Each structure stands twice: as C-alpha cells, then as structure tokens.
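Residue-level listing of the chains:
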Amino acid sequence: MLLMLDGSTPICEDIGRQLLSYGRRIPIHELDARIDAVDAKTVMAVMKQYVYNHPPAIAAVGPIEQLRDYDQTRSRMSTTTN
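In this text, all values refer to a predicted model and were calculated from it rather than measured experimentally. (Residues numbered from 1 in each chain as written. Predicted model: local features only at pLDDT ≥ 70, side-chain atom pairs only at ≥ 80, totals over all residues. Heavy atoms only, no water.)

Chemist: Explanation requested: the overall build of the protein chain in the structure shown.
Modeler: Looking only at helices and strands, the protein chain features four helices and zero strands. Going residue by residue from the N terminus, the α and β elements of the protein chain occur as α-α-α-α. For 82 residues, the compact-globule formula gives about 12 Å, and the C-alpha radius of gyration of the protein chain, at 19 Å, lies well above that figure. Expressed along its principal axes, the backbone C-alpha trace of the protein chain runs to roughly 45 × 35 × 20 Å. Looking at the protein chain as a whole, 11% of its 82 residues are labelled buried. Here the protein chain has roughly 7000 Å² of accessible surface; of this, 59% comes from carbon and sulfur atoms. The distance from the centre of the 9 positive side-chain charges to the centre of the 10 negative ones in the protein chain is 8 Å. (Helix = DSSP H or I, 4+ residues; strand = E, 2+ residues; numbered from the N terminus. Rg over C-alpha atoms; globule rule 2.2 N^0.38 Å. Buried < 20%, exposed > 50% of the residue type's maximum accessible area, 1.4 Å probe, protein only. Areas by Shrake-Rupley, 256 points an atom, 1.4 Å probe, with all protein chains shown as cover. Lys, Arg positive; Asp, Glu negative; His and termini not counted. Charge placed at Lys NZ, Arg CZ, Asp CG, Glu CD.)

Chemist: Looking at this model, I keep getting lost on a nonpolar patch on the surface. Mind explaining?
Modeler: Taken together, the side chains of Ile-58, Ile-64, Leu-67 and Tyr-70 define a hydrophobic patch exposed on the protein surface, amounting to about 350 Å² of accessible area. Residue position: Ile-58 is located in the loop between helix H3 (40–50) and helix H4 (70–76). (Patch = residues over 30% accessible without salt bridge, like charges linked within 9 Å, V, L, I, M, F, W, Y side chains within 5 Å. Salt bridge = Lys/Arg side-chain N within 4 Å of Asp/Glu carboxyl O.)

Chemist: What am I meant to see in the pattern of salt bridges here?
Modeler: A pair can form between side chains of opposite charge whenever their charged atoms are brought close. Per the stated rule, a full pass over the model turns up three salt bridges. With a shortest N-O distance of 3.9 Å, Asp-14 and Arg-17 are connected by a salt bridge. Taken together, the positions of Asp-14 and Arg-17, both in helix H1 (residues 8–22) and three residues apart, correspond to about one turn of that helix. Of the residues examined, Asp-14 reaches a relative accessible area of 9% and is grouped as buried. Under the relative-accessibility criterion, Arg-17 is labelled partly exposed at 44%. Arg-34 is paired through a salt bridge with Glu-30; the nearest N and O atoms lie 3.1 Å apart.

Chemist: Would you explain the packing of aromatic side chains in this entry?
Modeler: In this description, an aromatic ring pair is defined by two values, namely the gap between the centres and the angle between the planes. The tally for this structure, following the rule as stated, stands at zero aromatic pairs. Its guanidinium or amino end placed over the ring of Tyr-22, Arg-34 lies 4.9 Å from that ring's centre, counting from NZ or CZ. (Phe/Tyr/Trp six-rings, centres within 6.5 Å; stacked < 30°, edge-to-face > 60°. Lys NZ or Arg CZ within 6 Å of the ring centre and 35° of its normal.)

Chemist: Just to check I follow, could you spell out unusual backbone geometry for this structure?
Modeler: In most cases, non-glycine residues show a negative phi, while peptide bonds are predominantly trans. At Asn-53, a position not held by glycine, the phi torsion is positive, near 65°. For Asn-53, the location among the structural elements is in the loop between H3 and H4.

Chemist: What is the right way to read H1 from this model?
Modeler: The end-to-end C-alpha distance of H1, which contains 15 residues, comes to 21 Å, matching closely the 21 Å that a straight helix rising 1.5 Å per residue would cover. With its phi angle positive at about 80°, Gly-23 sits one or two positions after the end of H1. (Expected span 1.5 Å × (residues − 1).)

Chemist: Where do I start with the side chain of Gln-18 in this structure?
Modeler: Secondary-structure assignment places Gln-18 in helix H1. Look at Gln-18 and you get buried, because its relative accessible area is 6%. Setting aside anything within four residues of it in sequence, one finds Gln-18 in contact with Gly-23, Arg-24, Arg-25 and Ile-26. (Contact = heavy atoms within 4.5 Å.)

Here you go:
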C-alpha cells in the first residue's frame, strides 16, 4: 500500500482522498491499525448489511453458457439460506 505513494502525484491524490473521506489526513500508523482491526466478524457484519438479502446486478461479456442462473445466484445471497 505504501509503494503506491511513490511520487508527488499519488501522494497528493491520497491526501485529497483522505480529506474528502475523513476530513483530515490519516497518519500511516493509524491507517495500519485500522486495517489490522478488520477481522472475519467485521467482514460478515458488512456483508450482512450491504450484500446479503439485496438483489445482485449481474453483467456479462462474451459467451455466457457457464453463467449461473440469476435466481440461483440471488437465492445463495440470502441470509435465510446461509
């Protein structure tokens, strides 16, 4: 992640993104701590809030013979069956 901040342009973009998102620049040690704080429980909570029980949007390009049926995909994203 730190390697992407190699140069003045990426650093300026990172500062701008942080100011827009957080209203301040996040120090590296705080950003690292935030990343380390994410665990499986956090990921599952986010999945339940934003993914499960919401109808997915599916787009495909090219041959779609192997594309799973939409209703099958939607049913697998329901917390009532997971």
